[in-house]
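Residue-level listing of the chains:
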Amino acid sequence: MATKAAADIEKMSFESALSELEQIVSKLERGDVELEESIAIYERGAQLKSHCEAKLKAAELKVEQIVQDGAGNPRPEAASFD
Amino acid sequence: MSDSETTNAPELTVSELAANLKRTIENNFDRVRVRGELGRVTIARSGHMYCDIKDDKAVLNTVMWKGQVNALPFRPEEGLEVVAEGKLSIYAGRSNYQLIASSMRPAGAGALMALLEERKKKFAAEGLFDPAHKKPLPRFPKTIGVVTSPTGAVIRDILHRVRERFPVRVLLWPALVQGDLAAAQIEAGIRGFNAMTGEDRPDVLIVGRGGGSIEDLWPFNEENVVRAAYESEIPLISAVGHETDTTLIDYVSDARAPTPTGAAEIAVPVRSELLLATGEYGERLKRALTRRAQAGRDRLRAARLPRADALVERPRQRLDYAATALPRSVLSLTERARGRLDRTGLALPSPMRLVQDARQKLTLASTSLAHGLGRAIEAKKLELSRAVGGLRPAPLRAETQRARKQLTQAAVRARPALDKILEQRRTRLEGHAKLLEALSYQSTLARGFAVVRGADGTVVRTAVAAGKQSRLDIMFADGELSAVPHGTTTKKTKAAPAEKPKPPAKSSGSKSGSGDDQGSLF
């Protein structure tokens, strides 16, 4: 289950991971969670946090330009505008 | 006058005021576009152009510097309607505000403005500008789609800002942004991005170009572009021209950025802030869990069962106390009861006992009566014998002897003293007696009288008596002498006999009597 959850987090966008992390933090801070659950959601929160950090650190500028292929379909192509 | 004295307004110099105004004007009107008719136009030898732009109510002094004047595509002349662009400023030297024009063109564009207004009303009526239609922008876009010219400054400005804040993927849809073909290409870009699927599909779009004239910006007022922007499912940020330029796409976009750089700022957050926020969430997560665990631990401790022997300890202690106290309390109860019983018994003596007690008391009384009497007699007898004992002769004799001895001693000691006292007294008495005798008539003698004594020593008071004397002792003040009476004298000169014998007595006495007198006196 943990691995499933971890895999689930891997696919999450930064935004959704961060918003879930926010929810977990406020839920845990309210203190109205069962102890067992609080440990479980803490674990998930910690994973979400690492995921967010990873996403943030991995973020890099990637510049592409849309070009039309032979059939007139657009596709991105690496570009530079410096 | 009095008003100006009571006000708190600071006094400014004219220059300060002018500088202040200049700053205010230049900040607030740093880019204006004004339409009006050219008044007098002067191109100075310096090449700068000075002109008025006016309408029926106001005049605006306008300056255009040499460089721009030379670039003007038309010849400005009085009466020509123009649209001038530039900034407002103040020429403090002449209390004059003026437009520093950067561009000027004939107001043929007035027709475009009218069209723009007409379209704006139409789209507004259609609800294209409805705020409710505007879509929220994603907080963290993964891909930004930009529709603009690949050669302009816009894409560079955006990339620069994105790199600074939050590097993400930027997809450019190249499009002309001015001219006849521009509107179609911009529309194609917006729709093209919306048509994309999967990873490549942007989360947010930026549509923009740099500043320019109304004609330059016109593609962004075209209906097809406005409708494409309105229909875009991907949130769209418009960034057309400068802040003062407003095109119709700005009304339908989900967010309007004043500049391309501003569009990038709207599109992406700042990564460092997010890292900070994420870190903070992590900390809060840890703290919350720690607190939660601590709370659980506290409750667990509070709820923990006491040890079995601890449970028994207290009752056992109570039992021990009770067991110790029991015999003591029984004993004291018994004692108390006995005490009460005794007191009750004492309080209620039997009649027999009463009689016995009385009889006993009687016997005791009679016995002590007799006994007491005897003892009283004995006591008195003792007293008497003591008194009698004190009356024995021996001590009395001793006492008498002692007293007699004392008396003898005292008498022995007293005799010489007494004799001495008597002697002293006698001496003093004799002294006094002589003195008394000597002094009693001394003064009288000094005055010339004399004391005449008979042979027997008695004082002779009369001549008759004197005549009868065989010898007379006459005492003068300085001594005595003896005389022999020599006949009688008449009575009338009583003193004569006394005086008569006096001179001889006196003379003899003074010559020879002193030794006799002395001798007879002592």
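Residues numbered from 1 in each chain as written. Chains lettered and ligands numbered in written order. Predicted model: local features only at pLDDT ≥ 70, side-chain atom pairs only at ≥ 80, totals over all residues. Heavy atoms only, no water.

(A) The arrangement of the confidence of the model for chain A in detail. Of all residues in chain A, 93% attain a pLDDT of 70 or more, and the chain-wide mean is 83. No element of chain A has a lower mean pLDDT than helix 1 (residues 2-10) of chain A, at 70, and none a higher one than strand 1 (residues 62-68) of chain A, at 88. (pLDDT = per-residue confidence, 0-100. Helix = DSSP H or I, 4+ residues; strand = E, 2+ residues; numbered from the N terminus.)

(B) Here's a closer look at the packing of aromatic side chains. Applying the stated criterion across every chain yields a total of five aromatic pairs over all chains. Between the aromatic rings of phenylalanine 14 of chain A and phenylalanine 140 of chain B, the centroid separation amounts to 4.5 Å while the plane-to-plane angle is 80°, which identifies the pairing as edge-to-face. In this pair, phenylalanine 14 of chain A sits in helix 2 (residues 14-30) while phenylalanine 140 of chain B sits in the loop between helix 4 (110-126) and strand 6 (143-148), so the two residues belong to two different chains. With a centroid separation of 5.1 Å and 35° between ring planes, the pair formed by phenylalanine 129 of chain B and tyrosine 251 of chain B is classed as tilted. Separated by 122 residues along the polypeptide, phenylalanine 129 of chain B in the loop between helix 4 and strand 6 and tyrosine 251 of chain B in helix 9 (residues 248-252) bring together distant segments of the chain. Phenylalanine 129 of chain B gets classed as buried once you look at its relative accessible area, which sits at 15%. Aromatic rings pair up to connect Phe14 of chain A together with Phe140 and Phe166 of chain B into one cluster. (Phe/Tyr/Trp six-rings, centres within 6.5 Å; stacked < 30°, edge-to-face > 60°. Buried < 20%, exposed > 50% of the residue type's maximum accessible area, 1.4 Å probe, protein only.)

(C) View of the pairing of strand 13 (residues 480-483) of chain B. All names here are of chain B. As paired elements, strand 12 (residues 472-475) and strand 13 share four bridges and run antiparallel to each other. Its bridge partner lying in strand 13, leucine 472 is registered against alanine 483. A loop of four residues connects strand 12 with strand 13, the two strands running antiparallel in sequence. (Pairing = 2+ DSSP bridges.)

(D) Just a nonpolar patch on the surface, in detail. Residue and element names in this part refer to chain B. A cluster of nonpolar side chains, contributed by Leu12, Leu17 and Leu21, occupies part of the molecular surface with about 260 Å² of accessible area. Note on placement: leucine 21 falls in helix 2 (residues 14-28). A residue is classified by how much of its surface remains accessible, and leucine 21, at 42% relative accessible area, is partly exposed. (Patch = residues over 30% accessible without salt bridge, like charges linked within 9 Å, V, L, I, M, F, W, Y side chains within 5 Å. Areas by Shrake-Rupley, 256 points an atom, 1.4 Å probe, with all protein chains shown as cover. Salt bridge = Lys/Arg side-chain N within 4 Å of Asp/Glu carboxyl O.)

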